[in-house]
Amino acid sequence: MKKYTKWIFMTFALSGAAFIAFNFFLDAKKKDCQGGSGAQAIEACTFLIGKHTSGFKGPYLLRRAQLLEKEGKWDEVLADLNELLSINVAAQLPPAQLLAVYESLIKVQSRKGSSSETRKYLELAVQNGSRAPEIYISLAETYIAEKKFREALNLLDTAGAFEGAKSHPYYNTRASAYEGLNDFASAYDSLKTGLTVRAPRPVLAATSKHLGLVCYELKRYKEAETYLGYTIKAGVECPECALLMTTIRGALADYDVPVARVKKARK
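This text gives an overview of the structure that appears in the document.

Calculation rules
- Residues numbered from 1 in each chain as written.
- Predicted model: local features only at pLDDT ≥ 70, side-chain atom pairs only at ≥ 80, totals over all residues.
- Heavy atoms only, no water.
- Helix = DSSP H or I, 4+ residues; strand = E, 2+ residues; numbered from the N terminus.
- Buried < 20%, exposed > 50% of the residue type's maximum accessible area, 1.4 Å probe, protein only.
- Contact = heavy atoms within 4.5 Å.
- Areas by Shrake-Rupley, 256 points an atom, 1.4 Å probe, with all protein chains shown as cover.
- Polar contact = N/O pair within 3.5 Å; in protein donor to acceptor, adjacent residues only side chain to side chain.
- Core = buried A, V, L, I, M, F, W, Y, C linked by side-chain atoms within 4.5 Å.
- Disulfide = S-S within 2.5 Å.

### A look at the overall build of the chain
Now for step 1: Check the secondary structure of the chain and you find 13 helices and zero strands.
Now for step 2: Reading the chain from its N end, one meets helices and strands in the order α-α-α-α-α-α-α-α-α-α-α-α-α.
Now for step 3: Expressed as a percentage of the 267 residues in the chain, the buried residues total 39%.
Now for step 4: Residue pairs at least 24 apart in sequence account for 48% of intrachain contacts in the chain once pairs closer than 6 positions are excluded.
Now for step 5: As presented, the chain carries roughly 16300 Å² of accessible surface, and 57% of it is formed by carbon and sulfur atoms.

Here's what the structure looks like:
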C-alpha cells in the first residue's frame, strides 16, 4: 500500500513539474512573440496561435500581423487580420484590438490600391476612436475629393486635438477644405500657420506652392510672387508656376504705373 501511495505521489510530482516547465516554456514564447522581432518572434506567435482557441488567440494574431507587416508579407498580414475580424463576429475582440485591426487594414488596403476598402477602414477606425491624426487627415482628403468639405473640416477639428497632428499635411488638407467652400481667407490663414512648422525643404516648398496659389486667388500678387518663386527655386514640380508668375508680374506692373500729372492751364 505504501509503495502504491509512493508511486501516486511521484506521478503527481512529475505532472506538477511538467506543468511548471510547460508554463515557463509558454511564458518564454509569449515574451518572444510580444517583445521579439523577425523570424523567431513570428514562430513564437504562430506556436501560441496554435495553442489557443479563437477567443484567446487574438493578441497573438495581431502581433504576428504586425511582425509580418515589417517583413512586407502583405498577403499573410491580410490573412491574419481577416481571421481577427472573423473572431470579432464570433466572440467580440477587446475594443483596442479591434481598432488596431482596422488601423492595420488601412495600410494593407492602401498598398493594394483598393480605395473603397481603404475608405471603409478609415471610417471604422475613426468610429472606433482612433487617435492617429494621419487617419483623420487621409479620410478628410477622401471627403474633399467627394466635395464633402464641411465633413472634412469636422474631421480635422477632431484630429487637431491629437498629439503630432498639426503638421504640414494637416494644414494643407485644411486649406483645401476651405478652398472647396470658397473661403480663401481661411485657407490663407491655415497655410501661413503651416509654414511656421519646421519641416524638410521639399515639404516647406510644397506648402509654399499651395499658399502661392491661394494668394493668387486673393489677388495678393506680391505674396504670390514670393511663395511661388520659392517653390520654383526649391525645385518642386509646378508646371503652372511659370505662367502664373508671368501673369502676377504683369498685374504688379499695372499697379506700379505712375499716375500722369494733369498740367494746370496757364492763365
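### Examining the side chain of Thr231
Now for step 1: Inspection of the secondary structure assignment puts Thr231 in helix α12 (residues 221-233).
Now for step 2: A polar contact of 3.5 Å, which involves the side chain of Thr231, links it to the backbone oxygen of Ala205.
Now for step 3: Polar contacts involving the side chain of Thr231 include one to the main-chain carbonyl oxygen of Tyr227, which spans 2.9 Å.
Now for step 4: Setting aside anything within four residues of it in sequence, one finds Thr231 in contact with Ala205, Ser208, Lys209, Val236, Cys238 and Cys241.

### Here we look at the nonpolar core
Now for step 1: Membership of the largest hydrophobic core comes to 71 residues, with the highest contact counts inside it found for Leu81, Leu84, Leu85, Val101 and Leu105.
Now for step 2: With eight residues, the top contributor of residues to this core is helix α5 (residues 95-112).
Now for step 3: Ignoring sequence-local partners within four residues, the contact set of Leu85 consists of Leu98, Val101, Tyr102, Leu105 and Tyr121.

### Focus on the state of the cysteines
Now for step 1: A complete count under the given rule lists two disulfides for this structure.
Now for step 2: The side chain of Cys33 participates in a disulfide bridge whose partner is Cys45; the two sulfur atoms lie 2.0 Å from each other. Judged by the sign of its S-S torsion, about 100°, the bond between Cys33 and Cys45 is right-handed. Separated by twelve residues along the polypeptide, Cys33 in helix α1 (residues 2-35) and Cys45 in helix α2 (residues 38-51) bring together distant segments of the chain. The exposure classification of Cys33 matches that of Cys45, with both residues buried.
Now for step 3: Covalently, Cys238 is tied to Cys241 through a disulfide, its sulfur atoms 1.8 Å apart. The disulfide joining Cys238 to Cys241 has a torsion of about 80° about its S-S bond and is therefore right-handed.

None of the figures reported here should be taken as evidence of function without further support.
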